[in-house]
Amino acid sequence: MKNRAVFLIITGYCLLVTALFGCAPTYPKEKFADSIVRLCKDEYKLDVKVATIGKTVTIYVPLPELWDMTFSLTQKAGEEINDVILSVSRVALSTDAQYDFYVVIAHDMRIPEIQIIIIKSVEDVKRFMLNDISRGEFAKRMLVDKRINPQAKKEHAIKEVFEKMGLDNKWQDAVMNDFFRAQPAALGDIGYWNDKFYVKDIAMPEFLAEQVASRIRMDFYEDKALADTIVVKASKGTYASGNGNHYFQIELLFESKAFSQMGSGDVVNTVFKKSLEVAADVLHGYSYDTYEYIVLVDETSGRTLKATRQELEDFRKKKLTFDNILSRSEN
């Protein structure tokens, strides 16, 4: 599903590049949100809602048939999501408004609890159009996630408690609004539920942290040699501060395949080494240097590996080996 969705989205961007070379539309910032709504309606017959917060714009699109019987994205839905992304890209690249990220939230109108979230950097779109990054790299920089709507999950659970307590219906919404409908603090909590956006102003370091985690999962899935021996079941990236330092933390949950002959120590080292390679490439690709170090965490054993920003860059340039970093981290 994910590969097909990415293919459709990439194809759409190629069409966008061609279209933009022939015209220069202008969408004043005062009409930014309305322009996206109108464009989606006039050109693609899609009804969307738009919310902006800080430098992030979010577009919600409900679709009649987002999933097929196997919970894969249907071809029609992929094309419709692509149309929405084309619309917001056209507006974002032809406006005097300054937005850094855009988010597309789509769900199936029959089962709104399950949503697909796509997060993209506006700067990445510009660099792709200028051939500053390849199509493959552009695809990897896009965060695509299918998940149960976090707010829906929370409200379903709380309503069960309300029922057990016998709380009157007229008070349920009031209590829910006062205590359980806050804006999200993390990218993983973004969504749309019961006519309400749950969005946040996305910051570059948290976007990079999630991108590193996403690309680690992707590499272990797509690389046959890695996929034959190790399965990465989950990875989560965060950007944090402590003791005057800024750092990235990547939490990894993985295990070796049943027939793998690798020892547990070798498995951890293989995952850590690949994760360092991914992190070094991503952070270098964005020229991001506002951090002191990166920490990798094996969620199963609790083992960690720490590399400073300079060590990570030297590792990328092959001036430092993984064993060098491992030895320094353990001392």
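The following paragraphs examine the structure supplied in this document. Computed from a prediction, not measured in an experiment: that's the story for all the values here.

## Some words on the overall build of the protein
Argument step 1. Helix and strand content of the protein: twelve helices and eleven strands.
Argument step 2. Taken against the 2.2 N^0.38 rule, which gives 20 Å for 331 residues, the C-alpha radius of gyration of the protein at 22 Å falls within 12% of a compact globule.
Argument step 3. Seen through its principal axes, the protein has C-alpha atoms that stretch 60 × 60 × 45 Å.
Argument step 4. Here the protein, with 331 residues, has 48% of them falling under the buried criterion.
Argument step 5. Across the protein, the fraction of contacts at a sequence separation of at least 24, relative to all contacts at a separation of at least 6, is 63%.
Argument step 6. Distance between charge centroids for the protein: 2 Å, based on 44 positive and 48 negative side chains.

## Side note on the sheet that holds strand β2 (residues 56-63)
Argument step 1. Taken together, five strands build an open sheet; the order of strands is β1-β2-β3-β4-β5 and the sheet is mixed. Of all the strands in the sheet, the pair left with one neighbour each is β1 (49-53) and β5 (143-148). Within this sheet the neighbouring strands show an average axis-to-axis angle of 20°, counted without direction.
Argument step 2. Where β2 and strand β3 (residues 101-108) come together, eight bridges link them in parallel fashion. Each bridged residue has a counterpart across the sheet, and for Thr 56 the counterpart in β3 is Phe 101.
Argument step 3. Contacts from helix α2 (residues 32-44) reach β1 and β2, with the element oriented near 155° to β1.
Argument step 4. Packed onto the sheet, helix α8 (residues 204-222) meets β3, β4 (111-121) and β5 and runs at close to 80° relative to β5.

## Remarks on the nonpolar core
Argument step 1. Membership of the largest hydrophobic core comes to 50 residues, with the highest contact counts inside it found for Ile 119, Ile 190, Leu 276 and Ile 294.
Argument step 2. It is helix α10 (residues 264-285) that contributes the most residues to this core, ten residues altogether.
Argument step 3. Those residues in contact with Leu 276 that lie beyond four places of it in its chain are Ile 294, Leu 296, Leu 305, Ala 307, Leu 312, Phe 315, Phe 322 and Ile 325.
Argument step 4. Counting 37 residues, the second largest nonpolar core, distinct from the first, contains Tyr 102, Val 125, Phe 128 and Val 144.

## Description of α2
Argument step 1. Across its 13 residues, α2 extends 18 Å between first and last C-alpha, which sits within 8% of the 18 Å expected from 1.5 Å per residue.
Argument step 2. Phe 32, Ser 35, Ile 36, Leu 39 and Cys 40 are the residues of α2 that are buried. Buried positions in α2, seen along its axis, are confined to an arc of 130° and lie on one side of it.
Argument step 3. Phi for Lys 45, located one or two positions after α2, is positive at around 60°.

## Comments concerning the pairing of strand β8 (residues 230-242)
Argument step 1. Taken together, the twelve bridges between β8 and strand β9 (residues 245-256) define a ladder with antiparallel strand orientation. Residue Val 232 lies in a different strand from β9, and its bridge partner there is Phe 254.
Argument step 2. In this antiparallel pair of consecutive strands, β8 and β9, the connection spans two residues, and Asn 243 shows a positive phi of 55°.

## A look at the pattern of salt bridges
Argument step 1. Enumeration according to the criterion identifies 21 salt bridges in this entry.
Argument step 2. The shortest N-O distance in the salt bridge between Lys 76 and Glu 80 comes to 2.6 Å. Taken together, the positions of Lys 76 and Glu 80, both in helix α3 (residues 75-92) and four residues apart, correspond to about one turn of that helix.
Argument step 3. For Lys 76, a relative accessible area of 51% corresponds to the exposed category.
Argument step 4. The buried category is assigned to Glu 80, whose relative accessible area is 12%.
Argument step 5. Through salt bridges with shared partners, one network takes in Lys 120, Asp 124, Glu 137, Arg 141 and Arg 215.

## Observations concerning the side chain of Glu 155
Argument step 1. Residue placement: Glu 155 occurs in helix α6 (residues 150-165).
Argument step 2. Setting aside anything within four residues of it in sequence, one finds Glu 155 in contact with Met 176, Arg 181, Trp 193, Asn 194 and Tyr 198.

## Section: the sheet that holds β8
Argument step 1. Taking strand neighbours across the sheet as the criterion, the four strands line up as β8-β9-β10-β11 in an open arrangement whose pairing is mixed. Strands with a single pairing partner mark the edges of an open sheet, and in this sheet they are β8 and β11 (304-308). Strand-to-strand twist of the sheet, defined as the mean angle between neighbouring strand axes without regard to direction, takes the value 15°.
Argument step 2. Summarising the sheet, β9 and strand β10 (residues 293-298) pair through six bridges and their orientation is parallel. Bridging across to β10, Leu 252 finds its partner in Asp 298.
Argument step 3. Here α8 sits on the sheet in contact with β8 and β9, set at roughly 165° to β8.

Cut-offs applied
Residues numbered from 1 in each chain as written. Predicted model: local features only at pLDDT ≥ 70, side-chain atom pairs only at ≥ 80, totals over all residues. Heavy atoms only, no water. Helix = DSSP H or I, 4+ residues; strand = E, 2+ residues; numbered from the N terminus. Rg over C-alpha atoms; globule rule 2.2 N^0.38 Å. Buried < 20%, exposed > 50% of the residue type's maximum accessible area, 1.4 Å probe, protein only. Contact = heavy atoms within 4.5 Å. Lys, Arg positive; Asp, Glu negative; His and termini not counted. Charge placed at Lys NZ, Arg CZ, Asp CG, Glu CD. Pairing = 2+ DSSP bridges. Axes fitted to C-alpha atoms, helices over the stretch in contact; angles between N-to-C directions. Core = buried A, V, L, I, M, F, W, Y, C linked by side-chain atoms within 4.5 Å. Expected span 1.5 Å × (residues − 1). Arc of directions from axis to C-beta. Salt bridge = Lys/Arg side-chain N within 4 Å of Asp/Glu carboxyl O.

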